[in-house]
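# Structural overview
So the chains spell out like this:
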Amino acid sequence: MRISIKDLHKMKKTGLKIPMLTAYDYTSAQILEKAQIPIILVGDSLGQVVLGYESTIPVTLNEMIYHAKSVVLATRKTHIVVDLPFLSYQTNNSDAMKNAGRVLKEAGAQSVKLEGGKEITSTISYLTNRGIPVMGHIGLTPQSVHQLGGYTIQGKTAKNAQKIIDDASYLEDSGVYGIVLEYIPSQIAKIITEKLSIPTIGIGSGRFCDGQVQVFHDFVGLFDDFKPKHAKRYLELSKLIQQSTEQYIKEVNEKEFPSDKESYFISEEELKQIKNL
Ligand code: KIV
């Protein structure tokens, strides 16, 4: 049985932190589950770190489902939440329902995540009243990057911070089971976390959130285009892969690889029977 939204609520109640990571493929999801991560986000950040887009805006629902399917196949216990991409829920409630339904039906995910505050609460209620668990996402909402004017910290003025705090309450009232707080001051994340009875999951929002989320490629040091201040690299995988590739090129050029150890052989007896030898 997979971890449910009830289990996540219990974790908040009992003061257990909720570590979350993104994953976009079978192999990495399998590793994260072996390490007993309770929740994986198939984030639309895959647009940048897997597909090479400049932002998350071009990501399509089919791309999200394609990646989410393999994450679901790799896991048995982990809760899988999938981002609804830009334009798959902002148009109207029935589009949102159809598209969220596809994520649950075709990919087999347990819940979806939507970006936005008060303005999307009617959509969230529409989905949650029809059996779709929804995670909210406020603060820096990357699908609105052009309106926000860049990937900048949100809620630095009292007015903006108040709006984020109010949005968090609107989202809770509309039925979300948890909220990602992206890139907001630690003190504002603390106020929201103490105020809500549902879990907050922070990214670049300090230590007071109920959980934390990191992008897989930042976490293992696999993405070099930029390194956000809030991302902690637990590995330097891109350096290791580059060094290993240079070593591989050298060994192939110098005929050190493959050696007999990595080769297959036919018996001498069989070999002798080959006519054209
Ligand atoms: O797409 C994503 O990876 C996200 C996280 C940054 C929270 O939404």
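The numbers attached to residues start from 1 for each chain and follow its sequence in the written order. For this predicted model, a pLDDT threshold of at least 70 governs which residues receive local features, and a threshold of 80 or more governs which side-chain atom pairs are given and counted, while totals over whole chains, interfaces and linings are taken from all residues. For side-chain calculations, the full set of non-hydrogen atoms in the structure is used, while hydrogens and water are omitted.

One can read the domain layout of the protein as domain 1 (5-236) and domain 2 (240-272). Residue ranges assigned to the domains are those given by an automatic or database domain assignment. If you average the C-alpha positions of domain 1 and of domain 2, the two centres end up 44 Å apart.

Note on geometry: axes are lines fitted to C-alpha atoms, helical ones only across the stretch in contact, with angles between N-to-C directions running from 0 to 180 degrees. Counting from the N terminus, the helices are the DSSP runs of H or I reaching at least four residues and the strands are the DSSP runs of E reaching at least two. Closest axis-to-axis distance for the helix H8 (residues 158-174)/helix H9 (residues 186-195) pair is 10 Å, and the angle between their directions is 25 degrees. Relative to H9, H8 is oriented roughly parallel. Regarding H8 and H9, the two cross each other, and that crossing is right-handed. For the pair H8 and H9, contact is made by Ala161, Ile164, Ile165, Ala168 and Ser169 and by Ile188, Ile191, Ile192 and Lys195, respectively. Residue type decides the class: Asp, Glu, Lys and Arg count as charged, Ala, Val, Leu, Ile, Met, Phe, Trp, Tyr, Cys and Pro as nonpolar, and the leftover types, Gly among them, as polar. Counted by class, the contact of H8 with H9 contains seven nonpolar, one polar and one charged residues. Here roughly perpendicular refers to angles of 65 to 115 degrees, roughly parallel to angles under 35, roughly antiparallel to angles over 145, and oblique to all remaining angles. Crossing handedness is read from the near helix: turned anticlockwise from the far helix by less than a right angle, it gives a left-handed crossing, and turned clockwise, a right-handed one. It only takes one pair of heavy atoms within 4.5 Å for two residues to be counted as in contact.

A molecule or strand has a residue near it when one of that residue's heavy atoms lies within 4 Å. Within the structure, the ligand sits among 13 residues, and Gly43, Asp44, Ser45, Asp83 and Lys113 are positioned closest to it. Definition of a polar contact: a pair of N or O atoms within 3.5 Å, with one able to donate and the other able to accept a hydrogen when the atoms are protein atoms, and with sequence-neighbouring residues admitted only if both atoms are side-chain atoms. For the ligand, an oxygen atom lies 3.1 Å from a polar atom in the side chain of aspartate 83. Only the protein chains shown count as cover for residues, and the accessible areas themselves come from Shrake-Rupley with a 1.4 Å probe. Relative to its free-state accessible area of 260 Å², the ligand is covered by the protein chains to the extent of 95%. Taken together, the residues of the shell around the ligand break down into five nonpolar, four polar and four charged.

Multiplying 1.5 Å by the residue count of a helix minus one yields the expected span of that helix. With 17 residues, H8 extends 24 Å from end C-alpha to end C-alpha; this agrees with the ideal 24 Å at 1.5 Å per step. The cut-offs for exposure are 20% and 50% of the maximum accessible area for each residue type, with area from a 1.4 Å probe on protein chains only; residues under the lower value are buried, those over the upper are exposed, and the others partly exposed. Listing the buried residues of H8 in full gives Ala161, Ile164, Ile165, Asp167, Ala168, Ser169, Leu171, Glu172 and Ser174. Where the residues of H8 are buried, they touch helix H6 (121-128), strand E5 (134-139), strand E6 (178-182) and H9. Downstream of H8 by one or two residues, glycine 175 has phi in the positive range, about 110 degrees.

Regular strands show a simple pattern: their side chains alternate between the two faces of the sheet. Taking every second residue as pointing to the same face, both faces of strand E2 (residues 39-42) are buried, with Ile39 and Leu41 on one and Ile40 and Val42 on the other. DSSP-based pairing: two strands are paired if at least 2 bridges between them are found. Bridge count between strand E1 (residues 18-22) and E2: three bridges; the pairing is parallel. Each residue of the ladder has a partner; that of leucine 21, found in E2, is isoleucine 40. With strands facing away from the observer, any crossover in which the path from the first strand over the helix to the second runs clockwise is taken as right-handed. Taken together, E1, helix H2 (residues 26-34) and E2 constitute a β-α-β crossover, and its handedness is right-handed.

Turning next to the pairing of E1. Burial analysis of E1 places four of its five residues in the buried class, which makes it a mostly covered element. As paired elements, E1 and strand E8 (residues 211-214) share four bridges and run parallel to each other. By the bridge assignment for E8, methionine 20 is matched with valine 213.

Glancing now at helix H11 (residues 237-253). Given a rise of 1.5 Å per residue, 17 residues ought to cover 24 Å, and the 24 Å separating the end C-alpha atoms of H11 matches this to within 8%. Just past H11, the residue lysine 255 takes up positive phi, approximately 55 degrees.

Judged by pairing direction, the barrel is parallel, and its eight strands sit side by side in the order E1-E2-E3-E4-E5-E6-E7-E8 before closing back on the first. Averaged over all adjacent pairs, the angle separating strand axes in this sheet is 25 degrees, with direction ignored.

In what follows, salt bridge is the name for a side-chain nitrogen of Lys or Arg lying within 4 Å of a carboxyl oxygen of Asp or Glu. Using the criterion set out here, one finds nine salt bridges in the structure. The shortest N-O distance in the salt bridge between glutamate 254 and lysine 250 comes to 3.5 Å. With a relative accessible area of 45%, glutamate 254 lands in the partly exposed category. Salt bridges sharing partners connect three or more residues here, namely Asp224, Arg233, Glu236 and Lys239.

Quick look at the side chain of threonine 123 now. Along the chain, threonine 123 falls in helix H6. A relative accessible area of 7% means that threonine 123 is categorised as buried. Among the polar contacts listed, one links the side chain of threonine 123 to the side chain of asparagine 93, at a separation of 2.9 Å. Each residue touching threonine 123, except ones within four places of it in the same chain, is listed here: Tyr89, Asn93, Ala96 and Leu114.

Let's shift gears to the nonpolar core. In this structure, Leu114, Ile179 and Ile192 are the most contacted members of the largest nonpolar core, which totals 55 residues. Take this core: its biggest share by element is seven residues, from helix H4 (residues 61-74). Excluding anything up to four places from it in sequence, isoleucine 179 contacts Met135, Gly136, His137, Ile138, Ala168, Leu171, Leu196, Ile198, Pro199, Thr200 and Ile201. Grouping buried Ala, Val, Leu, Ile, Met, Phe, Trp, Tyr and Cys residues that are joined through side-chain atoms within 4.5 Å yields what is termed a nonpolar core.

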